[in-house]
Amino acid sequence: RSMKQLADYGSLDLRNAARSLKEEWRSGLAFGGVMYLQLLILVIVMPWYFQRETLWGVGIGAFLFWASVMWLAASQYYFPARHRLTVTLLRVPQKCVLLLLDNTAFTILLALGTVVLSLISVFTVFMFPGVATVMLWHQVALKFRLYKYDYLESHPNARRNQIPWKALLAEDDERVGTRTLRQLIFPWKS
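Residues numbered from 1 in each chain as written. Predicted model: local features only at pLDDT ≥ 70, side-chain atom pairs only at ≥ 80, totals over all residues. Heavy atoms only, no water.

1. Notes on the overall build of the chain
Each helix and strand counted, the chain has 10 helices and zero strands in total. Listed N to C, the secondary structure of the chain is α-α-α-α-α-α-α-α-α-α in terms of helices and strands. In terms of principal-axis extent, the alpha carbons of the chain reach across some 65 × 50 × 35 Å. Out of the 190 residues in the chain, the part that is buried amounts to 28%. Across the chain, the fraction of contacts at a sequence separation of at least 24, relative to all contacts at a separation of at least 6, is 55%. (Helix = DSSP H or I, 4+ residues; strand = E, 2+ residues; numbered from the N terminus. Buried < 20%, exposed > 50% of the residue type's maximum accessible area, 1.4 Å probe, protein only. Contact = heavy atoms within 4.5 Å.)

Printed below as a string of structure tokens:
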């Protein structure tokens, strides 16, 4: 929730972060439980099926592998969908999978960015860019995807592959403005 506020050009406040943690612990616990189940499938269940060395065993193992890859890609949308879409906690995974299926190439690029940010974070002991940056990355990604859906809803005859992104992002571009690398690293020196 704090990263959603930041993605919407708000500011971070420790009181809001504490309140967000208090209100959102259930969704975090649910996500952790699903990811724990995912880990059990990858480490225990899937190898067991592959060790059967039968057509059914390999088939079920392959299905579990691709379902796991699909869920890992879709799970990037879990927290952004929880905060940007008005859905119940039980419907969030469904929305995540629908977003994946409708935006497959975008989701793959989002996953590559997540991997790069995570690897850089490991080398800097999670001081930079860190988990918060990954969460902000996901929030901004879904925010921009929702621009597409808002446009398609208001223009039902528009073609899905010809979205006017420049017009949709004009307000955000104006708000952010242009900055040099020096201004980005040292904003107080501009």
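2. Description of the packing of helix α6 (residues 104-123) against helix α7 (residues 130-154)
At a closest axis distance of 9 Å, the pairing of α6 and α7 adopts a crossing angle of 165°. Judged by the inter-axis angle, α6 sits roughly antiparallel to α7. In this structure, the crossing between α6 and α7 has a hand that is right-handed. Contacts between α6 and α7 involve F106, L109, L110, G113, T114, L117, S118 and S121 on the former and, on the latter, G130, T133, V134, W137, H138, A141 and R145. When the residues that make up the contact of α6 with α7 are grouped by side-chain class, the tally is seven nonpolar, seven polar and one charged. (Axes fitted to C-alpha atoms, helices over the stretch in contact; angles between N-to-C directions. Parallel < 35°, antiparallel > 145°, perpendicular 65-115°, else oblique. Left-handed = near helix turned anticlockwise from the far one by under 90°. Nonpolar A, V, L, I, M, F, W, Y, C, P; charged D, E, K, R; others polar.)

3. Structural notes on the packing of helix α3 (residues 55-74) against helix α5 (residues 92-102)
For the pair α3 and α5, interaxial distance at closest approach is 9 Å and the crossing angle is 95°. In terms of orientation, α3 and α5 fall into the roughly perpendicular class. Packed against α3, whose contacting residues are M70, W71, A73 and A74, the element α5 presents P93, C96, V97, L100 and L101 at the interface. Class assignment of the residues belonging to the contact of α3 with α5 gives a composition of nine nonpolar, no polar and no charged.

4. Notes on unusual backbone geometry
Geometrically, the link from F128 to P129 is a cis peptide bond, its omega value of -10° lying close to zero. With phi around 55°, E53 is a residue other than glycine that occupies positive phi space. Among the structural elements, E53 can be located in the loop between α2 (14-51) and α3. Positive phi, normally seen in glycine, also occurs at F126, with a value near 60°. Structurally, the position occupied by F126 is in the loop between α6 and α7.

5. Here we look at the packing of aromatic side chains
The geometry of an aromatic ring pair is captured by the separation of the ring centres together with the interplanar angle, meaning the angle of the planes. According to the stated counting rule, one finds six aromatic pairs in the structure shown. Seen in terms of ring centroids, W48 and Y49 are 5.0 Å apart; in terms of plane orientation they differ by 80°. Their pairing is edge-to-face. Judged by centre distance (5.0 Å) and plane angle (90°), the rings of Y78 and F79 are edge-to-face. When its relative accessible area of 3% is taken as the criterion, Y78 is described as buried. For R52, the ring lying beneath its charged end belongs to W48, and the centroid distance is 4.3 Å. We note R145 situated over the ring of F106; from NZ or CZ to the ring centre the distance is 4.0 Å. (Phe/Tyr/Trp six-rings, centres within 6.5 Å; stacked < 30°, edge-to-face > 60°. Lys NZ or Arg CZ within 6 Å of the ring centre and 35° of its normal.)

Geometric descriptors of this kind do not, in isolation, establish any biological role.
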